[in-house]
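# Observations on the three-dimensional arrangement
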Amino acid sequence: MDLRYTEDEERFRSEVRSWMTSVLPSLPPKPDATDWDGRRAYDMAWQAMLFEAGYAGVDWPVEGGGRGASPVEQLIFKEESERIGAPYVGTGFVGLLHAGPTIIAEGTEAQRDRYLPPILKGEEVWCQGFSEPGSGSDLASLRTKAVRDGDHYVVSGSKIWTSHAEVADFCELLVRTGDEDSRHRGISWLIMPMDLPGIEIRPLTTMAGSDEFAELYLDEVRVPVENRVGDENDGWRVTMVTLSFERGTGFVGELLESMRLLRELADLAKRTGAWDDPSVRRRIGQLTASFDALWALTKRNVSEAARNGVPGVGGVVFKLSFSEQGQALSELAMDLLDRAGLALSPLPGADGHGDLPNAELVHAWIKSISLTIAAGTSQVQRNIVAERILGLPKEVR
Ligand SMILES: Cc1cc2nc3c(=O)[nH]c(=O)nc-3n(C[C@H](O)[C@H](O)[C@H](O)COP(=O)(O)OP(=O)(O)OC[C@H]3O[C@@H](n4cnc5c(N)ncnc54)[C@H](O)[C@@H]3O)c2cc1C
């Protein structure tokens, strides 16, 4: 691991910075948080701009439409995006941050040619069909069945918590191709086009009022066998690759955003006088130290991905710590807002201290509750740390 940036990397940083500075003022206003078609259009338009400028898939292979640069340059790109407040991946999350990387690592050449360029050009959106009712933490117990019929799998079952399903073109889908009790040994990883007959999408509304999730009901959906990534019944290994990207590098943008928000909260505390309270200063100091440590861990995970093609188990430590620190950050924001934290519509700052970003922060606090559940709960990440990093005895079921 080398934590310093080379001259070439710094040159790349200033190129990205000047490109972003020139294009950001031309972006249209962001759509409403509940307008999912509008959000897809906005996210994909930004992705298309990145592609045109040569900044889509900075560390993806050139054959897949990427820039073919190093993961360190990808990190620099993210740092600069966050520093200037560029749009985030949004509905592109699954395609860009874990389905695409999984196809790079595990897909066939034909799959890489077919699926990678449209992700980078902002033409196709992906969702993740892993969790099922009764199979979340214990993912290996999933029951959605795929039966081989010639060149197709006939898939029946249901999925839940499928983020962005309503606007997705493809789903990274886990199915059972082995016996009912085959657990890890009987799973396959499929690419399912979302417009196939037999797919029903039922939106679920979160407590924040957004339809970002859905249930998927699959009734004899015919998925071509050529859409399988990895061998039949070897999908658990492929799943571990997907999760290592999702947990190991998928949240880097959110970490940078949290670091920026913490600086803004420190300014807010200074404006409102809360800074005079030593316990507030201590919380800000502790969070600053934690985010700095997570940034160093990110660089380690990225170096590991550069060496091995896939981030290692350090991603689990990142996910566990980041989600808990993210909640602590949101709680700090709510305490600083004081009574303004009870209102979801914008309010002026107390005692003439300027406008408060209260609506934004209250929404972020509600959303932060899901951080320790999404992409695997904290309890489960602790089990993985105990068993795979510390070498403690395996959990008895
Ligand atoms: C914002 C968000 C977005 C999501 N997006 C997607 C998506 O796009 N696609 C998708 O497939 N899924 C998605 N999920 C689902 C997510 O992966 C699951 O919610 C998560 O894996 C937990 O599964 P579960 O909800 O079934 O909870 P359960 O597995 O039922 O867990 C319930 C509780 O029991 C605890 N528990 C379970 N097993 C153990 C154990 N062995 N030891 C100790 N404690 C244990 C858990 O930690 C938890 O507190 C999303 C979830 C959220 C919150």
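The notes below deal with the structure included here. (Residues numbered from 1 in each chain as written. Predicted model: local features only at pLDDT ≥ 70, side-chain atom pairs only at ≥ 80, totals over all residues. Heavy atoms only, no water.)

We now examine the site of the ligand. Surveying the vicinity of the ligand reveals 16 residues, the closest of which are Gln128, Ser131, Ser137, Trp161 and Thr377. One of the backbone nitrogen or oxygen atoms of Ser131 is found 2.7 Å away from an oxygen atom of the ligand. Contact between the ligand and Glu395: a nitrogen atom at 2.8 Å from a side-chain N or O atom of the residue. Of the residues assigned to the shell around the ligand, the class counts are five nonpolar, 10 polar and one charged. (Near = heavy atom within 4 Å. Polar contact = N/O pair within 3.5 Å; in protein donor to acceptor, adjacent residues only side chain to side chain. Nonpolar A, V, L, I, M, F, W, Y, C, P; charged D, E, K, R; others polar.)

Scanning all chains against the criterion turns up 24 salt bridges. In this structure, Arg40 and Asp169 form a salt bridge, with 2.9 Å as the shortest nitrogen-oxygen distance. Linking Arg40 in helix H2 (residues 36-53) with Asp169 in the loop between strand E3 (152-159) and strand E4 (170-176), this pair joins segments that are 129 residues apart in sequence. Take Asp169: its relative accessible area is 25%, and that puts it in the partly exposed class. (Salt bridge = Lys/Arg side-chain N within 4 Å of Asp/Glu carboxyl O. Helix = DSSP H or I, 4+ residues; strand = E, 2+ residues; numbered from the N terminus. Buried < 20%, exposed > 50% of the residue type's maximum accessible area, 1.4 Å probe, protein only.)

One non-glycine residue, His164, lies in positive phi territory at about 60°. Inspection of the secondary structure puts His164 in the loop between E3 and E4. On the basis of relative accessibility, which here comes to 14%, the residue His164 falls in the buried class. The residue Asp338 is not glycine, and still its phi comes out positive at about 55°. The residue Asp338 is located in the loop between helix H9 (314-337) and helix H10 (358-368) in this model.

Checked against the element boundaries, Ser368 lands in helix H10. For Ser368, a relative accessible area of 5% corresponds to the buried category. With residues near it in sequence (within four places) discarded, Ser368 still touches Gly326, Gln327 and Ser330. (Contact = heavy atoms within 4.5 Å.)

The next thing to look at is the nonpolar core. By size, the foremost hydrophobic cluster in this structure holds 76 residues, and its most contacted members are Trp46, Phe77, Trp126, Ile191, Leu255, Leu265 and Phe291. Take this core: its biggest share by element is 10 residues, from helix H7 (residues 252-272). Here Trp46 is in contact with Trp19, Met20, Val23, Leu24, Leu27, Ala86 and Pro87, once residues within four sequence places are set aside. (Core = buried A, V, L, I, M, F, W, Y, C linked by side-chain atoms within 4.5 Å.)

So, on to the packing of aromatic side chains. Considering all chains together, one arrives at 11 aromatic pairs under this definition. Between Tyr55 and Phe77 the ring centres are 6.2 Å apart and the planes differ by 25°, which places this aromatic pair in the stacked class. Of this pair, Tyr55 sits in the loop between H2 and helix H3 (71-84) while Phe77 sits in helix H3, placing them 22 residues apart in sequence. The two residues Tyr55 and Phe77 agree in class, both being buried. Members of the aromatic cluster, each reached through a chain of ring pairs, are Phe12, Trp19, Trp46, Tyr55 and Phe77. A cation sits over an aromatic face here: Arg13 above Tyr5, 4.9 Å from the ring centre. The lysine or arginine in question, Arg148, covers the ring of Tyr153, its NZ or CZ lying 5.7 Å from the ring centre. (Phe/Tyr/Trp six-rings, centres within 6.5 Å; stacked < 30°, edge-to-face > 60°. Lys NZ or Arg CZ within 6 Å of the ring centre and 35° of its normal.)

A few words on helix H4 (residues 93-106). Here H4 contains 14 residues, and its C-alpha end-to-end distance of 19 Å stays within 8% of the 20 Å for a straight helix at 1.5 Å per residue. Taken as a whole, H4 carries its principal kink of about 35° at Ala99; the proline Pro101 stands between one and four residues after it. For H4, the tally of buried residues reaches 12 of 14 residues, placing the bulk of the element in the interior. All of the buried residues along H4 are Phe93, Val94, Gly95, Leu96, Leu97, His98, Ala99, Gly100, Pro101, Thr102, Ile103 and Glu106. (Expected span 1.5 Å × (residues − 1). Bend = angle between axes of the 7 residues up to and from the residue.)

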